[in-house]
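Overview (structure and organization)
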Amino acid sequence: MTPRAGTYALAVAMVAGMIAVYVTSFVVAPDTWMRVPAVLLGVLALVGAGLAIATSSPPARVRLMDVASALASTLATFLLARDLGVEPVVAASLVLVTFGLAAQPLGLVDGRAARAGFAGAFVGLIGPAVTISWYWVALAGAIAGVLWSLIGPSVMPGFGGRIGLMAFMGAVAAFTLADLVGDRGNVSLLPVPSEVPTWSLLPVCAFAALVTWVLRNRTGLNYATCVGVPTLVISAGIALAPNLGNQGAVMATAWLGGAALAGTSLTRLPNAGWVFVAALLYGCLMMRFTGPYAGHAGVIGTLAVIAELATFAARRTLQRVALRLPGKPRVA
């Protein structure tokens with residue numbers, strides 16, 4: 001179906017969110033030597049976004065199941081992390097496993113609603129030290145659910161990181177409103193990746209993406225289960241490991257973003273090789289991530305979708321100049 005005005009409006013909002021994160025974190029980064037490759041990668045991601053928008057369809061209808069799933073997931077993750085002291089990524093993965101069971105075999109929710117729950121889990125990744133009131137977090141989760149319901153099957157489809165991007169957009173909307181009414185407080189979010197040894201994030205991101213991709217494409221498990229089970233194992237192991245502290249929290253967070261990346265469809269990145277490339281780009285972005293959005297809810301998914309779009313654009317460009325390149329697009 002041909003994109004409509006609503007499609008373009010939502011796509012513009014998505015691209016604006018990615019640009020806000022990318023420009024403030026990389027293009028105007030303090031390291032001058034980073035700016036040229038950052039601009040080139042950003043342009044490539046914009047090309048990928050243009051190609052994805054061209055294959056979009058009119059926005060879907062908002063479904064109560066999607067909004068309820070995102071809201072419930074947000075509150076559950078937030079409750080586990082803030083009130084019960086569970087490590088945030090462990091809390092999110094527990095919620096995802098629950099949604100995986102609810103979708104299959106119980107059949108209480110469908111795959112689209114389970115993905116909305118994943119977006120809500122991203123929103124709920126706010127640690128116990130946060131001072132913002134719970135109802136603003138709930139509002140952010142509900143907005144993320146509405147956005148996913150509209151965008152999920154329709155706008156720039158087939159890129160797994162969009163789930164985190166919906167969380168980021170929902171959080172920006174809700175927390176900006178909280179700022180306007182003077183009710184945000186001194187918010188402290190996820191730890192800043194720059195405190196982690198840079199080399200450690202590349203294998204974490206790559207392994208997360210590949211493990212999740214294999215489970216998703218080689219088993220009959222639903223996406224929430226494919227993300228939730230390995231993330232629970234890894235994040236719990238990191239939480240129990242001695243002397244990792246803040247570094248371990250960022251590694252677990254990076255894993256979750258890599259797992260989200262693996263939700264990219266085979267029509268976008270047709271094999272594990274291309275997913276591996278996208279995961280490495282995502283890892284590079286995580287290594288150098290700074291700026292005002294560091295630690296913001298959903299930002300790891302935003303970085304993941306930027307890496308996916310850049311990889312998609314590179315793949316399509318290479319296919320125009322290398323006729324025998326494997327993994328031809330399955331759709332135009």
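Shown above is the structure to which this text applies.
Report on the accompanying structure.

Calculation criteria
- Residues numbered from 1 in each chain as written.
- Predicted model: local features only at pLDDT ≥ 70, side-chain atom pairs only at ≥ 80, totals over all residues.
- Heavy atoms only, no water.
- Helix = DSSP H or I, 4+ residues; strand = E, 2+ residues; numbered from the N terminus.
- Buried < 20%, exposed > 50% of the residue type's maximum accessible area, 1.4 Å probe, protein only.
- Contact = heavy atoms within 4.5 Å.
- Core = buried A, V, L, I, M, F, W, Y, C linked by side-chain atoms within 4.5 Å.
- Patch = residues over 30% accessible without salt bridge, like charges linked within 9 Å, V, L, I, M, F, W, Y side chains within 5 Å.
- Areas by Shrake-Rupley, 256 points an atom, 1.4 Å probe, with all protein chains shown as cover.
- Salt bridge = Lys/Arg side-chain N within 4 Å of Asp/Glu carboxyl O.
- Expected span 1.5 Å × (residues − 1).
- Polar contact = N/O pair within 3.5 Å; in protein donor to acceptor, adjacent residues only side chain to side chain.
- Phe/Tyr/Trp six-rings, centres within 6.5 Å; stacked < 30°, edge-to-face > 60°.
- Axes fitted to C-alpha atoms, helices over the stretch in contact; angles between N-to-C directions.
- Parallel < 35°, antiparallel > 145°, perpendicular 65-115°, else oblique.
- Left-handed = near helix turned anticlockwise from the far one by under 90°.
- Disulfide = S-S within 2.5 Å.

For the protein chain, the helix and strand inventory stands at 12 helices and zero strands. Taken across its 332 residues, the protein chain has 53% of its residues classed as buried. Taking the contacts inside the protein chain whose residues are at least 6 apart along the sequence as the reference set, 81% of them involve residues at least 24 apart.

Counting 90 residues, the largest nonpolar core has Phe 118, Phe 122, Met 156, Phe 175, Leu 256, Tyr 282 and Leu 309 as the members making the most contacts within it. Residues in contact with Leu 256, not counting those within four places in the same chain, are Val 89, Leu 96, Phe 118, Phe 122, Leu 125, Val 227, Thr 231 and Ile 300. Ranked by size, the runner-up nonpolar core spans 10 residues in total, among them Ala 91, Ala 102, Ala 113 and Ala 224.

Time to look at the side chain of Thr 74. Looking at the element boundaries, Thr 74 is found in helix α3 (residues 64-83). Of the residues examined, Thr 74 reaches a relative accessible area of 0% and is grouped as buried. Setting aside anything within four residues of it in sequence, one finds Thr 74 in contact with Gly 120, Ala 121, Val 123, Gly 124, Val 137 and Gly 141.

The phi dihedral of Met 156 is positive, around 50 degrees, even though this residue is not glycine. Looking at the secondary structure, you find Met 156 in the loop between α6 (134-151) and α7 (162-180).

A cluster of nonpolar side chains, Ile 19, Val 23, Val 28 and Leu 46, forms an exposed patch at the surface whose accessible area comes to about 310 Å². Summarising the element assignment, Ile 19 is placed in helix α1 (residues 5-27).

All right, on to helix α9 (residues 223-240) then. For α9, built from 18 residues, the straight-helix expectation of 26 Å at 1.5 Å per residue is met to within 8% by its first-to-last C-alpha distance of 26 Å. Buried within α9 we find Tyr 223, Ala 224, Thr 225, Cys 226, Val 227, Gly 228, Pro 230, Thr 231, Ser 235 and Ile 238.

Secondary-structure assignment places Ala 144 in helix α6. Taking C-alpha positions, Ala 144 is 9.4 Å from Gly 117, a pair spaced 27 residues apart along the chain.

Mapping Ser 73 onto the fold places it in helix α3. Accessibility expressed as a relative area gives 0% for Ser 73, which makes it buried. Looking at Ser 73, its side chain comes within polar contact range of the main-chain nitrogen of Ala 121, at 3.1 Å. Those residues in contact with Ser 73 that lie beyond four places of it in its chain are Val 95, Phe 99, Gly 117, Gly 120 and Ala 121.

Right, let's get into the packing of aromatic side chains. A full pass over the atoms with the stated rule returns eight aromatic pairs. Taken together, a centroid distance of 6.2 Å and an interplanar angle of 40 degrees make the contact between Phe 26 and Phe 289 tilted. Linking Phe 26 in helix α1 with Phe 289 in the loop between α11 (272-287) and α12 (299-321), this pair joins segments that are 263 residues apart in sequence. Across the pair, Phe 289 and Phe 26 agree in class, each one buried. An angle of 15 degrees between the planes, with centres 4.9 Å apart, marks the rings of Phe 118 and Phe 122 as stacked. Remark: Phe 122 and Phe 118 occur in helix α5 (residues 111-123); sequence separation between them is four residues, near one turn of the helix.

A word on the packing of α3 against helix α4 (residues 88-103). Two elements in contact, α3 and α4, have axes separated by 8 Å at closest approach and are oriented at 140 degrees. Classified by the angle their axes make, α3 and α4 are oblique. Viewed along their axes, α3 and α4 form a crossing whose handedness is right-handed. For the pair α3 and α4, contact is made by Ser 69, Ser 73, Ala 76, Thr 77, Leu 80 and Ala 81 and by Pro 88, Ala 91, Ala 92, Leu 94, Val 95 and Phe 99, respectively.

Here we take up α11. Since one α-helical turn is 3.6 residues long, residues separated by three or four positions face the same way. Between its terminal C-alpha atoms α11 stretches 22 Å, which fits the 22 Å expected from 16 residues at 1.5 Å a residue. Looking only at α11, the buried set comprises Trp 274, Val 275, Ala 278, Ala 279, Tyr 282, Gly 283, Leu 285, Met 286 and Met 287. Where α11 begins, the side chain of Asn 271 points an oxygen toward the backbone nitrogen of Gly 273, at a separation of 3.1 Å.

Right, let's get into the state of the cysteines. Considering all chains together, one arrives at zero disulfides under this definition. Free of any disulfide, Cys 205 has its nearest cysteine sulfur in Cys 284, 8.9 Å distant. A relative accessible area of 0% places Cys 205 in the buried class.

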